[in-house]
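Residue-level structure breakdown
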Protein chains: 2
Amino acid sequence: MAKVQTKASLTQSAEQRSQRRQKIVETASKLFAQLGYADCDMDRLAAKLRVAKGTIYLYVASKEELFLACVDWGMSQMQLAVREAAEMTDDPFERIARAIRAYLTFFSEHPQYVELIIQERAIFKNRKRPTYFEYRDAARVQWRAFYQDLINKGRLRSDINVDSLLDTMGNLVYGTMFTNHFLGNRSIEEQQQTMLDIVFRGMLSDRERRAK
Amino acid sequence: MAKVQTKASLTQSAEQRSQRRQKIVETASKLFAQLGYADCDMDRLAAKLRVAKGTIYLYVASKEELFLACVDWGMSQMQLAVREAAEMTDDPFERIARAIRAYLTFFSEHPQYVELIIQERAIFKNRKRPTYFEYRDAARVQWRAFYQDLINKGRLRSDINVDSLLDTMGNLVYGTMFTNHFLGNRSIEEQQQTMLDIVFRGMLSDRERRAK
DNA sequence: TGTTAATGACTGACTGGTCAGTCACACTAT
DNA sequence: ATAGTGTGACTGACCAGTCAGTCATTAACA
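Residues numbered from 1 in each chain as written. Chains lettered and ligands numbered in written order. Predicted model: local features only at pLDDT ≥ 70, side-chain atom pairs only at ≥ 80, totals over all residues. Heavy atoms only, no water.

1. Considerations on the packing of helix H8 (residues 131–152) of chain B against helix H9 (residues 162–183) of chain B
The packing of two helices is summarised by the inter-axis angle and the distance between the axes. All names here are of chain B. Going by this rule: Between N-to-C directions, angles span 0 to 180 degrees; the directions come from axes that are lines fitted to C-alpha atoms, helices contributing only their stretch in contact. Secondary structure counts use DSSP, requiring at least four H or I residues in a row for a helix and at least two E residues in a row for a strand, with both numbered from the N terminus. Angles are sorted into four bins: roughly parallel if under 35 degrees, roughly antiparallel if over 145, roughly perpendicular if 65 to 115, and oblique for all others. By convention, the crossing between two helices is left-handed when the near helix turns anticlockwise from the far helix through less than a right angle, and right-handed when the turn is clockwise. Note on contacts: a residue pair qualifies if any of its non-hydrogen atoms lie within 4.5 Å across the two residues. Polar here means any residue other than Ala, Val, Leu, Ile, Met, Phe, Trp, Tyr, Cys and Pro, which are nonpolar, and Asp, Glu, Lys and Arg, which are charged; Gly is therefore polar.
Following both chains from N to C, one finds H8 and H9 inclined at 130°, their axes separated by 10 Å at the closest point. When the interaxial angle is binned, H8 and H9 end up oblique. In the crossing of H8 with H9, the sense of the turn from one axis to the other is right-handed. Residue-level inspection shows Tyr132, Phe133, Arg136, Arg140, Trp143, Arg144, Tyr147, Gln148 and Ile151 of H8 in contact with H9, the latter providing Val162, Asp163, Leu165, Leu166, Asp167, Met169, Tyr174 and Met177. When grouped by side-chain class, the residues that make up the contact of H8 with H9 number eleven nonpolar, one polar and five charged.

This is how it looks when you write it as structure tokens:
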């Protein structure tokens, strides 16, 4: 039908539409992060985008929907960065190290997404399970198999429960991500080194270890 | 002057005043935690307290001031619980274990304060340094000396930087506190056991440790 | 003891300001 | 001409904080 072609030339293509929406999402991410959900009003976002407020609503159903789209976009980017970094090597311990490094680096380079995680939990706590944990759970299945394999091969201690181990690692990087963001961090490289050293080898001295 | 005595009997004592304020703070803590800062409007808080809205403003300067008082109260209670638990023993490793256990237990039993930490960061991010970190920094001085002493005595590894060690421990318990709160946790006891086991002894198997 | 006055804790309807979302109209490209 | 895209003034809901007024209690006095 000619109508389809006509429409295609008259209308912005689906491609164009999603590009504009994406532009809105990325600008909103930064503004939400900078001002907080409540103080980031739609008029302000419109001004930043050099567009009228009504235009935003052509691409977005509501402020809430927009915000959640921002969080989701950020988390998917994060997951991508971590996965890519992990796949760069086959050595299992190096893989763990790279994944952690990529995770912390991502949030260090895109601090707006740390803010969005916090905002989401603070404001939509009764409406939505935190997106961060959705992504975390999805990735966990594979990491669990990965760690279990290392235990089976005798490379990790067999007297530690895999799930508790995963929890501990997860909690450590999660806490580190937040404090890095809140307090800043001079040397992210040294920090990661120490962190990995401790979880791999423990903080006890050799003497103390033998004594126990 | 007789007037002073008269006034003393008419007026509520300073004691009474601070008790009422405390009642407001504690009720507000739970309501802020349950509904979030924005959805917890002062009318609702007044209803919960079975008091008129105006009355609250006799004890509190503003919603913001009230909220910050809630956070501060919570953190001071937390610090108290941790300090008391740590002082129950002289064995240094047991002291670390007890402090961590008290910390996690406190937030598990008073989940409203986890919410307040999040809300504070989300809503007052540009106005106030998080109260949590104020308290954390205050306590850090003593923990630093404590860990340094253990290193000097050869009970902890001397090749790890004290500050990085403190950071790692802090990040781990911080992250654990949050995820416990968000996801709930079946066995807080087993979790703490694993966590301590890992930071003390590491997750590498003996074989792998020797190989490195 | 009974009556009136003073006190101050408490009340809740009201105000002023904010802001998400709407819609009638304008513009543009074909 | 007309369909699609953009506009921004407007509306209605919401809520922090206020303040003129109420009421219970105690003091003062006859």
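There is more to say, and it comes next.
2. Remarks on the interface of chain A and chain B
Interfaces are often sized by the accessible area lost when the parts come together. Counted only if it meets this: The term buried area refers to how much accessible surface (probe radius 1.4 Å) is lost by two components on association, counted for both of them together. Should a side-chain nitrogen of Lys or Arg be within 4 Å of a carboxyl oxygen of Asp or Glu, the pair is scored as a salt bridge. Throughout this description, a polar contact denotes any pair of N or O atoms lying within 3.5 Å of each other; where both atoms belong to protein, one of them has to be capable of donating a hydrogen while the other can accept it, and for residues adjacent in sequence the pair is counted only when both atoms sit in side chains.
If you look at the interface, chain A gives 59 residues, while chain B gives 59 residues. Where chain A abuts chain B, roughly 5,400 Å² becomes buried across the two surfaces, and 55% of that area is made up of carbon and sulfur atoms. Of all residues in chain A, Arg157(A), Arg201(A) and Met203(A) bury the most surface against chain B, accounting for 14% of the area lost on that side. Taken together, the connections running from chain A to chain B amount to eight salt bridges. For Glu115(B), the salt bridge is made with Lys125(A), and the minimal N-O distance between the two is 4.0 Å. The interface formed by chain A and chain B contains 38 residue pairs in polar contact (both at pLDDT 80 or more). Counting only elements with at least two residues in the side of chain A that touches chain B, the list comes to helix H2 (14–35), helix H6 (92–109), helix H7 (111–123), helix H8 (131–152), helix H9 (162–183), helix H10 (188–201) and helix H11 (206–211) of chain A.

3. Examining helix H3 (residues 42–49) of chain B
Residue and element names in this part refer to chain B. The cut-off we apply is this: Exposed residues in this analysis have more than 50% of their type's maximum accessible area, buried residues have under 20%, and partly exposed residues fall in between, with area computed by a 1.4 Å probe over protein chains only. Throughout, the arc means the angular range of directions from the helix axis out to the C-beta atoms.
Taken as a whole, H3 has its buried residues at Met42, Leu45, Ala46 and Leu49. Buried residues of H3 fall within an arc of 100° about the axis and therefore sit on the same side. Exposed and oriented more than 90 degrees from the buried face of H3 are Ala47 and Lys48. Residues of H3 that are buried in the fold lie against helix H2 (14–35), helix H4 (53–59) and helix H5 (63–86). Residue Arg50 follows H3 closely and has a positive phi angle near 55°.

4. Remarks on a positive patch on the surface
Residue and element names in this part refer to chain A. Defined as follows: Each patch is built from residues that are more than 30% exposed by relative accessible area and take part in no salt bridge. Like charges join if they lie within 9 Å; nonpolar side chains (Val, Leu, Ile, Met, Phe, Trp, Tyr) join within 5 Å. Accessible surface is estimated by sampling points in the Shrake-Rupley manner with a 1.4 Å probe; for residues, cover comes only from the protein chains shown. For this count, His and the chain ends are skipped, Lys and Arg are scored as positive, and Asp and Glu as negative. The atom standing in for a charge is NZ when the residue is Lys, CZ when it is Arg, CG when it is Asp and CD when it is Glu.
A cluster of basic side chains, namely Lys23, Lys30, Arg44 and Lys48, defines a positive patch on the protein surface. Here Lys48 lies in helix H3 (residues 42–49). With a relative accessible area of 53%, Lys48 lands in the exposed category.

5. Points about the protein's contact with DNA strand C
Threshold: When we say a residue is near a molecule or strand, we mean one of its heavy atoms is within 4 Å of it.
Around DNA strand C, the structure places 17 residues, and the nearest of them are Lys53(A), Arg20(B), Ala52(B), Thr55(B) and Tyr59(B). In DNA strand C, the atoms that sit within 4 Å of the protein are 61% sugar and phosphate, with bases accounting for the remainder. Here Tyr57(A) contributes a side-chain N or O atom positioned 2.9 Å from a phosphate oxygen of DNA strand C. Of all the secondary structure elements, the ones that give two or more residues to the surface near DNA strand C are helix H4 (53–59) of chain A together with helix H1 (2–10) and H4 of chain B.

6. Points about the relation of the copies chain A and chain B
Filter applied, for reference: Copies overlap after least-squares fitting; the atoms used are the C-alpha atoms of residues with pLDDT of at least 70 in both.
It takes a turn of 180° to lay chain A on chain B, together with a shift of 0.0 Å along the axis; the resulting RMSD is 0.0 Å. Considering both components of the superposition, the chain copies are consistent with a two-fold axis.

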